[in-house]
Amino acid sequence: MKNFSVLFALLLGAVLFLAACGAEEEAAEPAEGGAEEENLLAAIEEEGVLRIGTEGTYPPFTFHDDSGELTGFDVEIAREVAERLGVEAEFMETQWDAMFAGLNAERFDMIANQVGIREDRLEKYDFSDPYITSAAVLVTRADDTEITEFEDLEGKTTAQSLTSNFAEIAKSYGAEIEGVEGFSQSVELLNSGRVDALVNDRIAVLDYLNQRPDAEIQIAAIHEDASQSGLMFRQGNEELVEAVNEALAAMIEDGTYEEISTKWFGENVLE
């Protein structure tokens, strides 16, 4: 009888232990399609705030002006989206290296920071429809009529950052590369006649021309390969992504997008 009591106690303890382990594992793994994923848009609307991750140090997209106010193309786009959702935009400035982790940790609801839409990111995150498109462009002096397309770079000299993708593009068309530290230096070399052209990002060039309308340079050609950026979200928030896409579409339809784009770049940068 004594042995039976001991055996019963051991069996009961084992059952209780297994039950406890099962409960602990269930608590450690959130159920699929949890409340946060299902109701993030509703929570934003109830709280009245859309939390947005951004750098704040990346002009002309997201930066602080002379008065200290956060501004930029991406900032204005995100503010307009929030307004059309009927909520306030609350920007949470974060270094680029920590931005994705901040989104994962639910510190903010979306990222507005020129995040390129790429296949590897689409495996882990959701994106809005593209709100900006960029490509490599060929830049020449304003009076140059000889170099009008990338094929004309054969045997010419371009000013490039040696490790950039743009240097590789110029090389692929037969250009010789003059190394520079940045875009401003490349323009100086072009204007002084020390190089024949340069290849750089279309958005960067448009920003330069927007700030310096008297600059004696021109975009001679646009490369066929383009990249697009979108607002980025955690996966599982389809309602929020859909609402943001509707806001972006309405902005494009009523001309608000083009107004913001022209302010920052002098033209529509959607396509």
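Because the structure is a prediction, the values reported are computed rather than measured.

A. Geometry of the nonpolar core. Ranked by size, the top nonpolar core spans 39 residues in total, and within it Phe73, Ile132, Leu231, Tyr257 and Phe265 carry the most contacts. Counting residues per element, the ones that place at least two in this core are α2 (35-47), β1 (49-54), α3 (73-85), β4 (88-93), α8 (202-211), α9 (238-253) and α10 (256-265). Every residue in contact with phenylalanine 73, bar those within four places of it in the chain, is listed here: Pro60, Phe61, Gln114, Tyr131, Ile132, Tyr257, Ile260, Ser261, Trp264, Phe265 and Val269. Judged by nonpolar contacts, the second largest core, of 13 residues, contains Val137, Val180, Leu190 and Tyr208.

B. Structural detail: the pairing of β1. Among the six residues that make up β1, five are buried, leaving the element largely enclosed by the rest of the structure. Taken together, the six bridges between β1 and β4 define a ladder with parallel strand orientation. By the bridge assignment, arginine 51 is partnered in β4 with glutamate 90.

C. Seen up close, the pattern of salt bridges. Counted under the stated rule, the structure contains eight salt bridges. As a salt-bridge pair, lysine 263 and glutamate 76 come within 2.5 Å of each other at their nearest N and O atoms. Remark: glutamate 76 occurs in helix α3 and lysine 263 occurs in helix α10; sequence separation between them is 187 residues. A relative accessible area of 48% means that lysine 263 is categorised as partly exposed. On the basis of relative accessible area, glutamate 76 is assigned to the buried category, the value being 18%. Among the salt bridges present, the one from glutamate 146 reaches lysine 156, with a minimum N-O distance of 2.8 Å. Residue glutamate 146 is located in the loop between β7 (132-141) and β8 (157-160), and its partner lysine 156 is located in the loop between β7 and β8; the two are separated by ten residues in the primary sequence.

D. View of the environment of alanine 42. Mapped onto the fold, alanine 42 is located in helix α2. By relative accessible area, alanine 42 is classed as partly exposed at 39%. The spatial distance from the C-alpha of alanine 42 to the C-alpha of leucine 240 is 8.6 Å, given a sequence separation of 198 residues.

Analysis parameters
- Residues numbered from 1 in each chain as written.
- Predicted model: local features only at pLDDT ≥ 70, side-chain atom pairs only at ≥ 80, totals over all residues.
- Heavy atoms only, no water.
- Core = buried A, V, L, I, M, F, W, Y, C linked by side-chain atoms within 4.5 Å.
- Buried < 20%, exposed > 50% of the residue type's maximum accessible area, 1.4 Å probe, protein only.
- Helix = DSSP H or I, 4+ residues; strand = E, 2+ residues; numbered from the N terminus.
- Contact = heavy atoms within 4.5 Å.
- Pairing = 2+ DSSP bridges.
- Salt bridge = Lys/Arg side-chain N within 4 Å of Asp/Glu carboxyl O.

None of this, on its own, says anything about what the molecule does.
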